[in-house]
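Structural features, examined
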Amino acid sequence: MTFLLGIDIGTTTITSIAVEAESGTIVESATTANDARYTDRPAGRSEWDGNRIMDQALKCVSDVVAQLGSRATNIAGIGMTGQQHGMVLIDRNLTPISPYINWQDQRGNELDANGLPLIDSLNNRLGENQYEQHGCLLRTGFMNVTLHWLNQNGLLPVNCRAAFIMDLFASRLCNAPLISDPTTAASAGLLNIHNNQWDQDAISELGIPLNILPEVQTVRERVGTITGEIAHTTGLPKGIPVFVAIGDNQASFLGSVADRHTQLSINVGTGGQVSAYSNQIGHHESLEVRPFPYGGFLLANVGACGGRSFAALENFFQAVARDIFEIEPDDSAYQRMKQLAAQTVAAPTGLKCSPIFTGTRQDPSQRASWTGLTPDNFTPALLTRSLLEGMATTFNEGFAAILSCGVTGISEIVGAGNGIRENSVLQECIESQFNMQVRKPLQNEEATLGAAITAAIGCGLLNDLSDSSRWIQYEE
């Protein structure tokens, strides 16, 4: 029996799984909290201990190998994914020499010398054609925005390199040079998605040293093989190939969508992503065009609402208990909110919710609202249900943007992430809004499974993406 390992270095957790190659069944898994964030940083900074993340990831891999026991000798390859956009500076020995600055960092929104947010100034300098070239506009938290800020503030050490966190871990496993797949590199901004090379003109315009950026290859390539030192530390057999990491949005799509031509992905975690495969580049202000592994593109409507929206309403209900009734809640209100929403009748109440509490990438100033409030519908149950209906409406608007780019043939929704998996009312609202069935994957580690799929294809155990569909199964 042959196994593949998948590793996902996420913002909240780090996960490793062992997958049986023939069926795609996850036979062992380990997850650890990513607790490496520094808590003493100024407001707007999101900085993490890169060495701590590396140690946690190694421990996670070691745990899975220990669970496999003697079966670990049958591991054929390792695939990798992780959080996109952020970066850490490293030296020639692959040692972090800066904090890991992740996608939540807000220094790109600081005002420049002209009183403009830095991110607006950078996008103005790059001109109107950058979306066509890069598939997105620059946003705060992107690697190349952070690199520009560090350079402008004299904080780029000589001979350092910038690394995505999963690329660094892959290189550390093999003691090999940094390599980035286009799915990851594009999340930095300034990657030409037509030729999958860094846009040297744009990088020069922003004063970013080109040699600081990782080399761009593809997931078809090996980073290297497991070193003897890593084998000793983790229990992995020496010499196992490690394949170039891919972005977590694309990995989640790979690990949950069986037919990329007919299925739409809606992934709801802290945020929400509506994604569809396309064999051609689209253009819409609410979408990012992201390279897809093995060719084509993922059209992604990213982050407008998700679990954070539900959490905001839950925080309000908790505050009512504390501030009005002077009761300190013992438990989260999530379960009760879902029960109340499920008990309401899906009928017109006049209550509408726009659940955009923290803005969108296109308009960070946008905020949530409820309209149509009356004494009859101003209840916890209907506030909750209208928020979930508003989330479904927002996802449908993202789908409409995807359709405007010429995507056709979508007949089914794949609902991934705990925001859908654990909320049947949200699933019901999406099905009603889209008039399509939502199918939920049996495996709940979609991105980690997607990483394992890349290893299986790299090792020749799966022929291609069509072959990988047999790994994807859904709840009845």
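Please read all numbers here as calculations on a predicted model, not as lab measurements.

**Remarks on the overall build of the protein chain**
Across its full length, the protein chain carries 16 helices and 23 strands. Computed over its C-alpha atoms, the radius of gyration of the protein chain comes to 22 Å, within 12% of the 23 Å expected for a compact globule of 476 residues. Projected onto the principal axes, the alpha-carbon positions of the protein chain cover approximately 70 × 60 × 50 Å. Classification of the 476 residues of the protein chain by burial places 56% in the buried group. Restricting the contact set of the protein chain to residue pairs at least 6 apart, pairs at least 24 apart contribute 67%. Element-wise, carbon and sulfur atoms account for 46% of the exposed surface of the protein chain, whose accessible area totals about 19,700 Å². The protein chain carries 29 positive and 49 negative side-chain charges, and their two centres are separated by 3 Å.

**A look at the environment of glutamate 445**
Relative to the elements of secondary structure, glutamate 445 occurs in the loop between β23 (438-439) and α15 (446-459). If near-sequence neighbours (up to four positions away) are discounted, glutamate 445 is found in contact with Thr15, Ile17, Ile26 and Thr31.

**A closer look at the sheet that holds strand β19 (residues 297-302)**
Within the open sheet, the six strands sit side by side as β18-β19-β17-β16-β22-β23. Their pairing is mixed. The sheet is open, and its two borders are formed by β18 (288-291) and β23, each paired with just one other strand. As defined by bridge partners, β18 adjoins β19 across four bridges and the pair is classed as antiparallel. When the sheet's bridge partners are listed, valine 289 is paired in β19 with leucine 299. Set on the sheet, helix α12 (residues 380-403) makes contact with β16 (263-268), β17 (272-278) and β19; between it and β17 the angle comes to about 25°.

**Here we look at the nonpolar core**
By size, the foremost hydrophobic cluster in this structure holds 119 residues, and its most contacted members are Met80, Leu147, Phe169, Leu264, Ile266 and Ile430. At nine residues, helix α1 (residues 50-68) tops the list of elements feeding residues into this core. If we ignore the near neighbours within four places in the chain, the residues touching methionine 80 are Ile7, Met166, Phe169, Ala170, Leu173, Val242, Phe243, Ala245, Ile246, Ala451 and Thr454.

**Remarks on α15**
Side chains of residues three or four places apart in an α-helix project in the same direction, reflecting 3.6 residues per turn. For α15, spanning 14 residues, the distance from its first C-alpha to its last is 20 Å, which sits close to the expected 20 Å at 1.5 Å a residue. Of all the 14 residues making up α15, twelve are buried; the element is thus mostly covered by neighbouring parts of the structure. Here α15 has its buried residues at Glu446, Ala447, Thr448, Leu449, Gly450, Ala451, Ala452, Ile453, Thr454, Ala455, Ala456 and Ile457.

Criteria and cut-off values
- Residues numbered from 1 in each chain as written.
- Predicted model: local features only at pLDDT ≥ 70, side-chain atom pairs only at ≥ 80, totals over all residues.
- Heavy atoms only, no water.
- Helix = DSSP H or I, 4+ residues; strand = E, 2+ residues; numbered from the N terminus.
- Rg over C-alpha atoms; globule rule 2.2 N^0.38 Å.
- Buried < 20%, exposed > 50% of the residue type's maximum accessible area, 1.4 Å probe, protein only.
- Contact = heavy atoms within 4.5 Å.
- Areas by Shrake-Rupley, 256 points an atom, 1.4 Å probe, with all protein chains shown as cover.
- Lys, Arg positive; Asp, Glu negative; His and termini not counted.
- Charge placed at Lys NZ, Arg CZ, Asp CG, Glu CD.
- Pairing = 2+ DSSP bridges.
- Axes fitted to C-alpha atoms, helices over the stretch in contact; angles between N-to-C directions.
- Core = buried A, V, L, I, M, F, W, Y, C linked by side-chain atoms within 4.5 Å.
- Expected span 1.5 Å × (residues − 1).

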